Structure formats: structure tokens, C-alpha cells
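# Chains, contacts and geometry: an overview
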Amino acid sequence: MQAIPLVATTRGYPDTGNVIENLHLGSIAVVDVHGRLLYAAGDPHYPTFTRSALKPFQALPFILSDGPARFGLSRDEMALLCASHSGEEMHLAGVRSILDKIGLDPGHLECGCATPLFYEFTGQPAPTDRDWTPLHHNCSGKHSGFLAWCRLHGAPTRGYVERSHPLQAAIRAALAEAVGIPAERMPVGLDGCSAPNYALPLSSLAHLYARLAQGSADPQLGGAMGLLFDAMTARPDLVSGTARTDLAWMRAGGGDWVAKIGADAVQAIGIRSAGLGIAVKIADGNSRALHPAVYAVLDQLGLLDETRRAQLEPYRQPPIRNARGTVAGDIRTLFSLTPAT
């Protein structure tokens, strides 16, 4: 199977109507808690680099080692282990607290430096007189958890992002066991934060999130899944940040939905009450096409009531504006989910 056109961008005038200008292809998988494919669009088994959608599961070795209790991490700090945060003060303070509890400092983070995402998503100009540190990187929470595992197990803190490091071996083994795929069959690539990242079938990513949404009811990883789900849904603002989509999806879900975006247009969502896992990938990596596609999936699955529609309306069919702010077109979805046979 192949990716199909999921989303189009259009251009036109009010009196002439809009004409399709660009097409964004992609694939979607919707599965149940047993991993059974229920609905699809395109190739539901498309091998997809999971990017930041993998973060909760990269935290598994630390969670399974009882790391949060050993270091006294709070629920909010566990949310940051799963975060692609915006570098707001609440995020920075939380990561500093984790590092303090494990006896390290931001200089030990190996994620690199990046301008906080807060500025991109709020449309505010980033200060030009600031020097950004690894603490500001959106992955610094995940990396603080990596360092915590190293401290817990007496492993070297230097080079913890290398594939040969014991931490990365533990993550690879835990992930392989969780998805039921031999580690050697999971393609590996270098992520934006320098840690290894893995490509999984889109349906396998959806299954992970269906299970994450069940929390402690998951038969294999219940305790760990429960801690991760509770942390992420209690503090979606720490998992993401102001004006971010993961915050919007989880707030609309009201504690029933767990959501995590990944770079290059990957989105995973777990729905506890419906027992569903959803994974969406836009083939060209364009995130402007991702958000209307996710809205359409939620809508077609009957998960949007009047209140949720109102909350998520900005993502349904966003306008495209020119430099003067005039509407020049829109971003609209083209697909209908197909029931699996």
C-alpha cells in the first residue's frame, strides 16, 4: 500500500472559489488495544521514524527501574521526561529540579542548544541578546531522564546518547519487547537531539498509544504506563507548551486522551474510553498538513462533541493568509477513513 492525498492547500478569491495548489500525502492507522487495525488511510503499516512521539517509551527503562521513586521525582517532573517543551520558565524550572535531584547540571545535557519553541508557536520574536543552552532545547526533559537512568545504574553520564551506551541498549530492548519486534528489525536513525530514534510500522506506534491510554490496565507494562499516562494527561502544558497542539488535543480530551507529536509531521494519540490508538504521518513532513488531518480523524471516529469541536475549530480548516493578513486560501482534508477488512 502507498500513502494517499490526505490534505490539500488551496488558493483563490471569494468570488472565484479556491483551487487546490498543493497536495500532502500521508498514512493513518487506527487500532484497538490488542493492536487490531480498525481503520486506515494510505499505508497503515508504513515504516515511520517515531521522532518525539517515542519519548514516553524512551522513558520506560527509567520508570521500570523505579527511578522516579528512587530520586523523588514528582508527577510534573515525569511529564517533562515525555516532553517536547517550549522552553517556558515552568519547563526550565522542572528540568533544573530533575537535574538537581540527580546531582547534575545542564552542562551534562547532550541534546544541543536550540531557541525555545515558545517563540515559534506564539509568533513572538526571539530575543537576539540571549545565549541559549541545552536546558532550552525542547528535549532537555527527556535527556534529564536519560541522565537519571545513568545515575541510577552507575553508568557513564558522558556519551549517553551514543548507540553503544548501556542506556540506549536498554531503551532499544524495552521498545522491542513492548512492540514485539526484534531489535535488529527496527531501523535506527539519529534524532534531532542526537539520541537514537527508531522507525516502527505506523500501526505499531498507534498500538503503543492505545496501550498507553489504558495506563495501569495494560497487561505487560501496567505500572509504568499508568505513571506515564497520569503524568502526561495531568500536565499537558509541561508536555508541550503555550499554543501547542498536544496541549490542545489533551485539554479537549479532558484526561481521556494522551497525545504526542513528533518532528516531520508525526502524531500519535491514545483514547482511553474508546480503547483506540491513532497514528498519523504526513509523508512530506509538513506539519501544517498534520493538524487538520488529526482533527479529521477524531471527527470521523465520532470523538468530537460540540464542546470539543469548538475547542479544536482552529485546526479543522485553517485559513492561509498573505503578508497583509488577507485570507488567500485554506488547508483542507481530502480523505475518509476506510474500515479494515
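Heads up: these notes are all about the structure in this document. (Residues numbered from 1 in each chain as written. Predicted model: local features only at pLDDT ≥ 70, side-chain atom pairs only at ≥ 80, totals over all residues. Heavy atoms only, no water.)

### Topic: the overall build of the protein
To keep it simple, the criterion reads: Numbering of helices and strands runs from the N terminus; a helix is a DSSP stretch of H or I covering at least four residues, while a strand is a stretch of E covering at least two. When we talk radius of gyration, it's over C-alpha atoms, and the globule rule is simply 2.2 Å times the number of residues to the 0.38. Burial classification: accessible surface area is computed with a 1.4 Å probe over protein chains only, and a residue below 20% of its type maximum counts as buried, one above 50% as exposed, and the rest as partly exposed. We call two residues in contact when some of their heavy atoms are within 4.5 Å. For this count, His and the chain ends are skipped, Lys and Arg are scored as positive, and Asp and Glu as negative. By convention, the charge on Lys lies at NZ, on Arg at CZ, on Asp at CG and on Glu at CD.
Of the regular secondary structure elements, the protein holds 14 helices and 12 strands. Its C-alpha atoms give the protein a radius of gyration of 20 Å, near enough to 20 Å, the size a compact globule of 341 residues would have. With respect to the principal axes defined by its C-alpha atoms, the protein has extents near 65 × 55 × 35 Å. For the protein, with 341 residues in total, the buried portion stands at 56%. When contacts within the protein are restricted to residue pairs at least 6 apart in sequence, those whose partners lie at least 24 apart make up 62%. Of the charged side chains in the protein, 29 are positive and 31 negative, and the gap between their average positions amounts to 1 Å.

### What about the packing of helix 7 (residues 140–153) against helix 8 (residues 166–179)?
This is how it is decided: Fitting a line to C-alpha atoms yields each axis, with helices limited to the stretch in contact; the angle taken between N-to-C directions then spans 0 to 180 degrees. Angle categories are assigned with fixed cut-offs, so that under 35 degrees is roughly parallel, over 145 is roughly antiparallel, 65 to 115 is roughly perpendicular, and the rest are oblique. Under the grouping applied here, Gly and all other residues not named as nonpolar or charged are polar, the nonpolar ones being Ala, Val, Leu, Ile, Met, Phe, Trp, Tyr, Cys and Pro and the charged ones Asp, Glu, Lys and Arg.
At a minimum axis distance of 10 Å, the contact between helix 7 and helix 8 shows a crossing angle of 105°. Here helix 8 runs roughly perpendicular to helix 7, going by the angle between their axes. Residues Phe146, Trp149 and Cys150 of helix 7 touch helix 8, and the partners they reach there are Pro166, Leu167, Gln168, Ala170 and Ile171. Tallied by class, the residues present in the contact of helix 7 with helix 8 amount to seven nonpolar, one polar and no charged.

### Section: helix 7
Cut-off, in case you're wondering: An expected span of 1.5 Å times one less than the residue number is assigned to each helix.
Taking 1.5 Å per residue as the helical rise, helix 7 with its 14 residues ought to reach 20 Å, and the 20 Å between its terminal C-alpha atoms agrees with that figure. With 12 of 14 residues buried, helix 7 lies mostly within the body of the structure. Buried residues in helix 7 make contact with helix 1 (55–58), helix 2 (60–64), helix 3 (67–71), helix 4 (75–81), helix 5 (89–101) and helix 8. Just beyond helix 7, the residue with positive phi is Gly154, at close to 65°.

### Re the sheet that holds strand 6 (residues 196–201)
So the rule is basically this: Two strands pair if DSSP finds at least two bridges between them.
Taken in spatial order, the three strands of this open sheet run 4-6-5, and their pairing is antiparallel. One side of each edge strand has no neighbouring strand; the edge strands of this open sheet are strand 4 (47–49) and strand 5 (188–190). Pairwise comparison of adjacent strand axes, ignoring direction, gives a mean angle of 35° for this sheet. Along the sheet, helix 9 (residues 202–214) contacts strand 4 and strand 6; its crossing angle with strand 6, the most-contacted strand, is approximately 100°.

### Some points on unusual backbone geometry
Not every positive phi belongs to a glycine, and Arg51 is a case in point at roughly 50°. Inspection of the secondary structure assignment puts Arg51 in the loop between strand 4 and helix 1. A positive phi angle, near 65°, is found at Asp66, a position not held by glycine. Looking at the secondary structure, you find Asp66 in the loop between helix 2 and helix 3.

### Quick look at the nonpolar core
Definition in use: For the purposes of this section, nonpolar cores are sets of buried Ala, Val, Leu, Ile, Met, Phe, Trp, Tyr and Cys residues that join through side-chain atoms within 4.5 Å.
Judged by nonpolar contacts, the single largest core of 106 residues is most densely connected at Leu298 and Leu312. In this view, Leu312 contacts Ala248, Trp249, Ala252, Trp257, Tyr295, Leu298 and Leu304; residues no more than four positions away in its chain are not counted.

### Notes on the pattern of salt bridges
Put simply, the rule is: Put simply, a salt bridge is a Lys or Arg side-chain nitrogen that is within 4 Å of an Asp or Glu carboxyl oxygen.
Here the structure, examined in full by the defined rule, presents 13 salt bridges. Of the charged contacts, one joins Arg235 and Asp76 as a salt bridge, the two residues approaching to 2.8 Å between their closest N and O atoms. Residue Arg235 is located in the loop between helix 10 (222–234) and helix 11 (236–239), and its partner Asp76 is located in helix 4; the two are separated by 159 residues in the primary sequence. Given the relative accessible area of 22%, Arg235 is considered partly exposed. A salt bridge links Arg235 to Asp237, with the nearest nitrogen and oxygen atoms 2.8 Å apart. A relative accessible area of 15% places Asp237 in the buried class.

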